[in-house]
Amino acid sequence: AAGTLAEPAARRSPAPLQPTGVVRFLAIGGGPTPESNEVSLEQDIDLVRRSLPEPGVVLFAGGSNAESVRELDPTPKGDPVRTALGELFAPRSGRQSRYRTPRFAAERATLENVEAALVHALSQDGPPLLIHVAAHGDQGPDARNNMVALWGGRALSVAHLAELHERYTRGLRIVATSCFSGG
């Protein structure tokens, strides 16, 4: 079973990529690097995994054991003048951040893991598969080539998702909360 918010990271094991029974949902979230995995993406995936009927597969950022969730660190670090100069001349996300593991069990959201989970779930007979994506989207030259950025820097395009789905007869429903998810 998936972990709860109160469970410490050391006691959680990753959810199986191929759980027992007909997979009802895939929850895919995060971005390609720890700096792009805001707490809000983690919260979206956590709500989905707790709300939908099991079994499901959760793929989030670098997985259960990776410190890949970015939180703002309220404690200033280093020389305040140097910090201010860094923000002025070399702004970047993550400068005033700290990182932690996700608060739920998850597999790494790599393209390979997403493809494997999709193929496994779509090859099963059952009700339509629900895919929920909470990630960063990139715009392609047309809507079919819009994509979702996944852990490790590779992306899943709409066209590739359609190709995977067309190999199987199982229905598919997608909810995407990412930039360019609407075409």
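The structure we're discussing is the one just above.
The model shown is predicted, which means the values in this text are computed figures rather than measured ones. (Residues numbered from 1 in each chain as written. Predicted model: local features only at pLDDT ≥ 70, side-chain atom pairs only at ≥ 80, totals over all residues. Heavy atoms only, no water.)

**Focus on the overall build of the chain**
- Of regular secondary structure, the chain possesses four helices and eight strands.
- Going residue by residue from the N terminus, the α and β elements of the chain occur as β-α-β-β-α-β-α-β-β-β-α-β.
- Here the chain holds 183 residues, and 42% of them are scored as buried.
- Of all intrachain contacts in the chain linking residues separated by at least 6 positions in sequence, the fraction that spans at least 24 positions is 82%.
- Accessible surface, the chain: about 9,700 Å² in total, of which carbon and sulfur atoms supply 55%. (Helix = DSSP H or I, 4+ residues; strand = E, 2+ residues; numbered from the N terminus. Buried < 20%, exposed > 50% of the residue type's maximum accessible area, 1.4 Å probe, protein only. Contact = heavy atoms within 4.5 Å. Areas by Shrake-Rupley, 256 points an atom, 1.4 Å probe, with all protein chains shown as cover.)

**Examining the packing of aromatic side chains**
- Considering all chains together, one arrives at one aromatic pair under this definition.
- Considering the side-chain rings of phenylalanine 60 and phenylalanine 104, the 5.6 Å spacing of their centres and the 65° angle between planes classify their relative orientation as edge-to-face. Within this pair, whereas phenylalanine 60 is found in strand E2 (residues 56–60), its partner phenylalanine 104 is found in the loop between strand E4 (97–100) and helix H3 (111–122), the two being separated by 44 residues in sequence. Summarising the burial analysis for this pair, phenylalanine 60 and phenylalanine 104 share the class buried. (Phe/Tyr/Trp six-rings, centres within 6.5 Å; stacked < 30°, edge-to-face > 60°.)

**Some remarks on the packing of H3 against helix H4 (residues 158–166)**
- Axis separation between H3 and H4 bottoms out at 10 Å; the angle between their running directions is 30°. Taken together, H3 and H4 sit at an angle that is classed as roughly parallel. When the axes of H3 and H4 are compared, the crossing they make is right-handed. Together, Glu115, Leu118, Val119 and Leu122 of H3 and His160, Leu161, Leu164 and His165 of H4 make up the contact between the two elements.
- For the contact of H3 with H4, the class distribution of residues is five nonpolar, two polar and one charged. (Axes fitted to C-alpha atoms, helices over the stretch in contact; angles between N-to-C directions. Parallel < 35°, antiparallel > 145°, perpendicular 65-115°, else oblique. Left-handed = near helix turned anticlockwise from the far one by under 90°. Nonpolar A, V, L, I, M, F, W, Y, C, P; charged D, E, K, R; others polar.)

**Brief notes about the nonpolar core**
- In terms of nonpolar packing, the biggest core is built from 21 residues, with Leu26, Ile28, Leu118 and Ile131 touching the most fellow members.
- Looking at this core, the elements with two or more residues in it are strand E1 (25–30), E2, H3, strand E5 (129–138) and H4.
- At six residues, the largest contribution of residues to this core is made by H3.
- Discounting residues that sit within four places of it in the chain, isoleucine 28 has contacts with Ile45, Leu59, Val114, Ile131, His132, Val133, Ala134 and Leu150.
- Formed by 13 residues, the second largest nonpolar core is a distinct cluster that contains Leu41, Ala106, Ala134 and Trp151. (Core = buried A, V, L, I, M, F, W, Y, C linked by side-chain atoms within 4.5 Å.)

**So, the environment of arginine 70**
- Following the sequence through the fold, arginine 70 ends up in strand E3 (residues 69–72).
- The buried category is assigned to arginine 70, whose relative accessible area is 16%.
- Of note is the side chain of arginine 70, whose polar atom sits 3.2 Å from the side chain of serine 97. (Polar contact = N/O pair within 3.5 Å; in protein donor to acceptor, adjacent residues only side chain to side chain.)

**Observations regarding unusual backbone geometry**
- Omega for the bond connecting glutamate 54 with proline 55 falls within 30 degrees of zero, at 0°, which places this linkage in the cis form.
- By secondary structure assignment, the location of proline 55 is in the loop between helix H1 (39–51) and E2.

**Quick look at the pattern of salt bridges**
- Here the structure, examined in full by the defined rule, presents nine salt bridges.
- Three or more residues joined by partner-sharing salt bridges are found here, namely Glu42, Glu71, Asp73, Arg98, Arg100 and Arg103. (Salt bridge = Lys/Arg side-chain N within 4 Å of Asp/Glu carboxyl O.)

In short, shape yes, function no, at least from these values alone.
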